[in-house]
Amino acid sequence: MRNSTSPRWALLAAVCCLVASLAACGLPPEAGGAQRGLLDLVRASGELRIGHSPDFPPMEYLDNSGNPVGADVDLGRALAEQMGLKPVFVKQPFAQLINSVRTLRVDIVLSGLSDTAARQQTLDFVDYFGTRGRLYTLGAKASQFTSTDQVCGKTVAVSKSTDYFGQVQAFDNQYCGGAGKTAVSLLGTDSGAAARLQLQQGRADLAVQGEENLVFFRQKDPNAFTPVLDPLPAKPFGVAIKTGEPAMTEAVYRAFTELVRNGRYRQILDSWQLGYGAITPAINGVKS
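Reading guide: rules and limits
Residues numbered from 1 in each chain as written. Predicted model: local features only at pLDDT ≥ 70, side-chain atom pairs only at ≥ 80, totals over all residues. Heavy atoms only, no water. Pairing = 2+ DSSP bridges. Helix = DSSP H or I, 4+ residues; strand = E, 2+ residues; numbered from the N terminus. Axes fitted to C-alpha atoms, helices over the stretch in contact; angles between N-to-C directions. Contact = heavy atoms within 4.5 Å. Disulfide = S-S within 2.5 Å. Polar contact = N/O pair within 3.5 Å; in protein donor to acceptor, adjacent residues only side chain to side chain. Core = buried A, V, L, I, M, F, W, Y, C linked by side-chain atoms within 4.5 Å. Buried < 20%, exposed > 50% of the residue type's maximum accessible area, 1.4 Å probe, protein only. Salt bridge = Lys/Arg side-chain N within 4 Å of Asp/Glu carboxyl O. Parallel < 35°, antiparallel > 145°, perpendicular 65-115°, else oblique. Nonpolar A, V, L, I, M, F, W, Y, C, P; charged D, E, K, R; others polar.

Visitor: Looking at this structure, how should I read the sheet that holds strand β12 (residues 225-228)?
Guide: Paired through backbone hydrogen bonds, the strands of a sheet run either parallel or antiparallel to each other. Reading across from one edge, β10-β9-β11-β8-β12 is the order of the 5 strands in this open sheet, with mixed pairing throughout. Two strands bound the open sheet, and with one partner strand each, they are β10 (185-189) and β12. If you compare each strand with its neighbour and ignore which way they point, the axes differ by 35° on average. The strands touched by helix α6 (residues 192-200) within the sheet are β8 (133-138), β9 (155-159), β10, β11 (206-210) and β12, with β11 carrying the most contacts at an inclination of about 150°.

Following this line, the structure appears as structure tokens:
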């Protein structure tokens with residue numbers, strides 16, 4: 001949470017006082033140039049406050065010293081530098097990120113957050129990475145899941161805060177419960193890490209993560225987790241910005257576009273073996 005004595009909040013307080021004084025004099029705020037958008041405040045502070053939940057390797061996680069690392073962290077640093085700002089990472093539970101950017105406790109969210117039409121009601125997105133969810137299980141059980149009907153009646157652990165939860169519901173509707181077979185038993189968790197724990201402890205038969213997570217885990221232990229069946233429908237991750245801040249959204253889009261042009265974007269993804277997810281940046285690219 002921001003400190004009320006920070007330069008950013010001091011500036012915001014001054015702006016609010018000026019707006020109030022102009023109104024008292026019968027003048028519109030525009031007369032004093034007091035209406036300043038998020039981009040102006042960010043530039044004045046010199047910082048880009050990036051909300052993230054570092055429990056989603058290799059996109060964002062904490063190293064052994066407790067420092068944030070990952071592809072999103074590297075992209076966040078590059079984005080801030082491209083905008084001439086200092087990156088400041090604000091650690092939060094994933095479920096709090098959307099509310100935090102809506103209420104400007106952070107300037108943007110860059111944390112494996114999917115762009116969706118529903119979220120576009122209150123957020124704008126700059127899409128930057130193509131992710132696809134995968135059903136996976138323990139390596140020793142992978143041979144049990146070679147067709148969709150073998151998932152029916154099984155317990156699937158998935159984070160309730162992600163789009164994967166809805167995608168598993170759609171999977172069940174198409175192949176299992178909705179097709180007259182035994183329904184999938186959805187075990188909702190508060191994070192991807194919690195879903196993995198349910199799988200490891202035998203409370204779930206399968207779990208769902210982004211393919212990027214499984215790439216990371218298989219690097220550490222090729223036999224720990226194994227993806228099964230085809231990927232779930234692909235969706236883009238997007239940088240989330242409070243709606244109604246078009247200048248900020250455009251600035252983030254232009255910065256990402258330049259990172260693509262100068263090669264730094266692809267260099268970062270390749271360094272994490274995530275080059276397959278490279279996309280052309282887009283503003284609110286998901287339409288339905």
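This is not the end of the story, as more comes after the structure.
Visitor: What's the story with the state of the cysteines in this structure? I'm lost.
Guide: Two cysteines form a disulfide when their sulfur atoms are joined by a covalent bond. All told, the structure shown has 1 disulfide when counted by the stated rule. One disulfide bridge connects C152 with C176, the sulfur atoms lying 2.1 Å from each other. Taking the torsion about the sulfur-sulfur bond, which here is approximately -85°, the covalent link between C152 and C176 counts as left-handed. Taken as a pair, C152 in the loop between β8 and β9 and C176 in the loop between α5 (163-175) and β10 lie far apart in primary sequence, 24 residues in all.

Visitor: Got a minute to help me understand the sheet that holds strand β3 (residues 60-62) in this structure?
Guide: Spatially, 3 strands are ordered β2-β3-β4 in an open sheet, and the strand pairing comes out antiparallel. Looking at which strands have only one partner, the edges of the open sheet turn out to be β2 (55-56) and β4 (68-69). Bridge analysis of β3 against β4 gives 2 bridges, and the strand direction is antiparallel. Counterpart to L62 in the pairing with β4 is P68.

Visitor: When you look at the side chain of N284 in this model, what are you seeing that I'm missing?
Guide: Among the structural elements, N284 can be located in the segment after β14 (278-283). Only 3.0 Å separates the side chain of N284 from the side chain of D124, close enough to count as a polar contact. Apart from residues no more than four positions distant in its own chain, N284 is found in contact with D115, Q120, L123, D124, F125 and D127.

Visitor: Help me understand the nonpolar core in this model?
Guide: Grouped burial of nonpolar side chains is what soluble globular proteins tend to show. Core analysis: the biggest nonpolar cluster contains 60 residues, and L48, M83, I108, V239, M248, V252 and F256 have the highest contact counts within it. Ranked by residues supplied to this core, first place goes to helix α8 (residues 246-261) with 6 residues. Those residues in contact with V239 that lie beyond four places of it in its chain are I108, V109, L110, D124, F125, V126, Y128, V252 and F256. Formed by 11 residues, the second largest nonpolar core is a distinct cluster that contains L97, V101, F125 and A240.

Visitor: How should I be thinking about the pairing of β8 in this particular structure?
Guide: Counting buried residues in β8 gives 5 out of 6 residues, a clear majority hidden from the surface. Taken together, the 4 bridges between β8 and β11 define a ladder with antiparallel strand orientation. Each residue of the ladder has a partner; that of L135, found in β11, is V208. For β8 and β12, the ladder comprises 4 bridges, and the chain directions are antiparallel. Looking at β12, one finds that Y136 is bridged to P227.

Visitor: What is the right way to look at the pattern of salt bridges in this model?
Guide: A side chain of one charge can pair with a side chain of the opposite charge if their charged atoms are brought near each other. According to the stated counting rule, one finds 8 salt bridges in the structure shown. Among the ionic pairs, R132 bridges to E211, the shortest N-O distance being 2.4 Å. Taken together, the positions of R132 in the loop between β7 (123-131) and β8 and E211 in helix α7 (residues 211-220) put the pair 79 residues apart, joining distant regions of the chain. A relative accessible area of 15% places E211 in the buried class. Each of R132, R134 and E211 takes part in one network of salt bridges that share partners.

Visitor: Can you walk me through the packing of helix α2 (residues 38-45) against α8 in this structure?
Guide: In helix packing, the relevant descriptors are the interaxial angle and the interaxial distance, both defined with respect to the helix axes. Axis separation between α2 and α8 bottoms out at 7 Å; the angle between their running directions is 60°. In terms of orientation, α2 lies oblique with respect to α8. Across from L38, L39 and V42 in α2, the residues of α8 making contact are A247, M248 and A251. Broken down by class, the residue content of the contact of α2 with α8 amounts to 6 nonpolar, no polar and no charged.

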